[in-house]
Amino acid sequence: MKKIGITTTVPVEVLIAAGYQPVDLNNILVSDPDPGRLITIAERAGFPLNCCSWIKGIYGVCMDSGITDVLCVTSGDCSNTIMLMETLKLKGLNAVPFAYPDHPDPHLMQQTLQTLAATLGTTLDAADKVRDELQPPRDLALKLDELTWKQNTVSGWENHLWLVSTSDFNGDFRNYRQELNNLVDACSQRQPYPGGELRLAYIGVPSVYAREMYPFIEKHGARVVFNETQRQFAMPEPGRSLAEQYSSYTYPYSINERLEDIKPELHKRRVDGVIHYVQAFCHRGIGDIIFRDAIDLPMLTLEGNDDFFLNSHVKTRIEAFLDMIQRSQRRPLKLKKGKLEGANAPSKNTPSSLRK
Ligand code: SF4
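Residues numbered from 1 in each chain as written. Predicted model: local features only at pLDDT ≥ 70, side-chain atom pairs only at ≥ 80, totals over all residues. Heavy atoms only, no water.

**Student:** Help me understand the overall build of the protein chain, please; the structure alone is not making it clear to me.
**Tutor:** Looking only at helices and strands, one finds 16 helices and 10 strands in the protein chain. Its C-alpha radius of gyration of 21 Å places the protein chain within 12% of the 21 Å reference for a compact globule of 356 residues. Taken along the three principal axes of its C-alpha coordinates, the protein chain extends 70 × 45 × 35 Å. Counting the 356 residues in the protein chain, one finds 55% classified as buried. Pairs at least 24 apart in sequence give 72% of the contacts found in the protein chain among residues at least 6 apart. Carbon together with sulfur atoms contributes 51% to the accessible area of the protein chain, which is approximately 16000 Å² in total. (Helix = DSSP H or I, 4+ residues; strand = E, 2+ residues; numbered from the N terminus. Rg over C-alpha atoms; globule rule 2.2 N^0.38 Å. Buried < 20%, exposed > 50% of the residue type's maximum accessible area, 1.4 Å probe, protein only. Contact = heavy atoms within 4.5 Å. Areas by Shrake-Rupley, 256 points an atom, 1.4 Å probe, with all protein chains shown as cover.)

Take a look at the structure:
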């Protein structure tokens, strides 16, 4: 199968039906032993220093890997991708645009999918058959997610890795299914994590330093039991058709649609605190204002740029955040001047220095 790079999660069913093997360029970037060199390729080509590292890294991957076809998501992910696409075309690549509708509407989505299928030379009937084949690996990914928060036998990193990989199933959905099946079996036999751990949610785009962040959090008595965007990649609401599936997928749409997914999960998974990750120079960072207004839990906003490891500044902020939640949960309730103080979860009253 011929490879086609993708800049974020797209309707891979159509790509596979058209005979392509989708390759998530973001996953290639973070899996590289030296991702910084891929960003340097982009900066040497003229990408500005204040451009998001994911965009620069994707460009670097395209130049480095020899990939010739790329599906560029120009709406519903990142406006920078429009210029990325132009630069890829300049370099002779076949860069195909794909735009999610501006709001989740199955009728609009159906037209969008039909256009994509026609562009790639396939049909939606063929894509529907692929959708059926992708359901078992997606079900397994969602099973792993359930084991994470319900049976507490899966680490935050494992949850992140397997869910984020559903964007392209690591290039081979049959192999992905087999490997994940083995892991789910193994996790079902594990002892659960200790009951006293703090339970965290991670919202926002996947972080550049995920590989170090999740184990660091666990070393400090907490665990991520909800990875928002990564879970969305696994299509938790498949609906009755491809059009419904990609209309229920929340990431391309407004923050309000995302909150309708996030808030019930925070409650269901008994989350103590939320990490909101934002990428340096990303417009999505502004959404932090809305999340802080809508989510009544302690929240730590972390930013990453081109540092693919946890620097001491980020480590200290995570430690302080976890310490603050732990202390507030230990604090005994006492009455002072007729007011109840020391309630369990600090929320908007948390000192601003610890909230951001
Ligand atoms: S992190 Fe933000 S700026 Fe970077 S590629 Fe994603 S949406 Fe675009």
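**Student:** Could you clarify how one ought to interpret the sheet that holds strand S8 (residues 299–304) in this entry?
**Tutor:** Across a sheet, paired strands are connected by hydrogen bonds in the backbone, their directions being either parallel or antiparallel. What the 4 strands build is an open sheet, ordered S6-S5-S7-S8; its pairing is parallel. Of all the strands in the sheet, just strand S6 (222–227) and S8 have a single pairing partner and so form its edges. In this sheet, adjacent strand axes meet at a mean angle of 30° when their direction is disregarded. Along the sheet face, helix H10 (residues 210–219) touches strand S5 (198–204), S6, strand S7 (273–279) and S8 and points at about 135° away from the line of S6. (Pairing = 2+ DSSP bridges. Axes fitted to C-alpha atoms, helices over the stretch in contact; angles between N-to-C directions.)

**Student:** Help me out: how do you make sense of helix H15 (residues 312–330) in this one?
**Tutor:** Helical periodicity: at 3.6 residues per turn, an α-helix aligns residues three or four positions apart in one direction. Along its 19 residues, H15 runs 27 Å from first to last C-alpha, staying within 8% of the 27 Å computed at 1.5 Å per residue. Of the residues flanking the start of H15, the one acting as N-cap is Asn311, its side-chain oxygen 3.1 Å from the backbone nitrogen of His313. (Expected span 1.5 Å × (residues − 1). Polar contact = N/O pair within 3.5 Å; in protein donor to acceptor, adjacent residues only side chain to side chain.)

**Student:** I keep staring at the layout of surface pockets and nothing clicks. Help me out?
**Tutor:** A probe as big as a water molecule, rolled over the atoms, marks out the empty space that is left. Quantified by volume, the largest pocket comes out at close to 670 Å³. What lines the largest pocket is a set of 35 residues, among which Asn26, Asn27, Val30, Trp54 and Pro206 lie closest to the centre. At the level of elements, helix H2 (25–31), helix H4 (53–65), helix H8 (156–164) and H10 are the ones that each hand at least two residues to the lining of the largest pocket. Among the residues forming the lining of the largest pocket, the class breakdown is 18 nonpolar, 12 polar and 5 charged. (1 Å grid on protein atoms, 1.4 Å probe; cavity = no way out; pocket = protein on both sides within 12 Å on 5 of 7 lines; lining within 4 Å. Points joined across faces, edges and corners; volume = space filled by probe spheres on them. Nonpolar A, V, L, I, M, F, W, Y, C, P; charged D, E, K, R; others polar.)

**Student:** Hey, could you run me through the sheet that holds strand S4 (residues 94–99) in this one?
**Tutor:** Reading across the sheet, the 4 strands line up as S2-S1-S3-S4 and stay open at both edges, with parallel pairing between neighbours. Among the strands making up the open sheet, the edge pair consists of strand S2 (20–24) and S4. On average, adjacent strands in this sheet sit at an angle of 30° to one another, irrespective of strand direction. This element, helix H5 (residues 80–90), spans strand S3 (69–75) and S4 of the sheet and lies at about 155° to S3. Set on the sheet, helix H6 (residues 106–120) makes contact with S2, S3 and S4; between it and S4 the angle comes to about 165°.

**Student:** Just to check I follow, could you spell out the nonpolar core for this structure?
**Tutor:** Side chains that are nonpolar tend, in soluble globular proteins, to be buried together. In this structure, Leu15 and Ile318 are the most contacted members of the largest nonpolar core, which totals 96 residues. Broken down by element, this core gets its largest block of residues, 8 residues, from helix H7 (residues 124–151). Once residues within four sequence positions are removed from consideration, Leu15 is found in contact with Ile4, Ile6, Val10, Tyr20, Pro22, Leu71, Leu116 and Leu120. In terms of nonpolar packing, the next biggest core, distinct from the first, is built from 15 residues, Leu259, Leu266, Phe291 and Leu297 among them. (Core = buried A, V, L, I, M, F, W, Y, C linked by side-chain atoms within 4.5 Å.)

**Student:** Hey, could you run me through the environment of Asn175 in this one?
**Tutor:** On the secondary structure map, Asn175 appears in helix H9 (residues 173–189). Measuring from C-alpha to C-alpha, the distance between Asn175 and Pro137 comes to 9.5 Å, with 38 residues separating the pair along the chain.

**Student:** Help me out: how do you make sense of the site of the ligand in this one?
**Tutor:** The environment of the ligand is made up of Cys52, Trp54, Ile55, Asp77, Cys78, Asn80, Gln279, Cys282, His283 and Arg284. Using a 2 Å cut-off from the grid points, one finds that the ligand occupies the largest pocket. Among the residues making up the shell around the ligand, the classes are represented as 5 nonpolar, 3 polar and 2 charged. (Near = heavy atom within 4 Å. Sits in = over half its atoms within 2 Å of the grid points.)

**Student:** How should the confidence of the model for the protein chain be read in this particular structure?
**Tutor:** Any region with low pLDDT has predicted coordinates that should not be read closely. The share of residues in the protein chain with pLDDT of 70 or more is 93%, and the mean pLDDT across the chain is 93. For residues 333–356, every residue scores under 50 in pLDDT, and the model assigns this stretch 41 contacts once sequence neighbours within four places are set aside. (pLDDT = per-residue confidence, 0-100.)

**Student:** Could you clarify how one ought to interpret the pattern of salt bridges in this entry?
**Tutor:** Once the charged atoms of two side chains with opposite charge are near each other, the side chains can pair. Summed over all chains, the structure comprises 18 salt bridges. Residue Arg231 pairs with Asp145 through a salt bridge whose shortest N-O separation is 3.7 Å. Taken together, the positions of Arg231 in helix H11 (residues 228–233) and Asp145 in helix H7 put the pair 86 residues apart, joining distant regions of the chain. The exposure classification of Arg231 matches that of Asp145, with both residues buried. A single salt-bridge network, built from bridges that share partners, covers Asp145, Arg231, Asp261, Glu265, Lys268 and Arg269. (Salt bridge = Lys/Arg side-chain N within 4 Å of Asp/Glu carboxyl O.)

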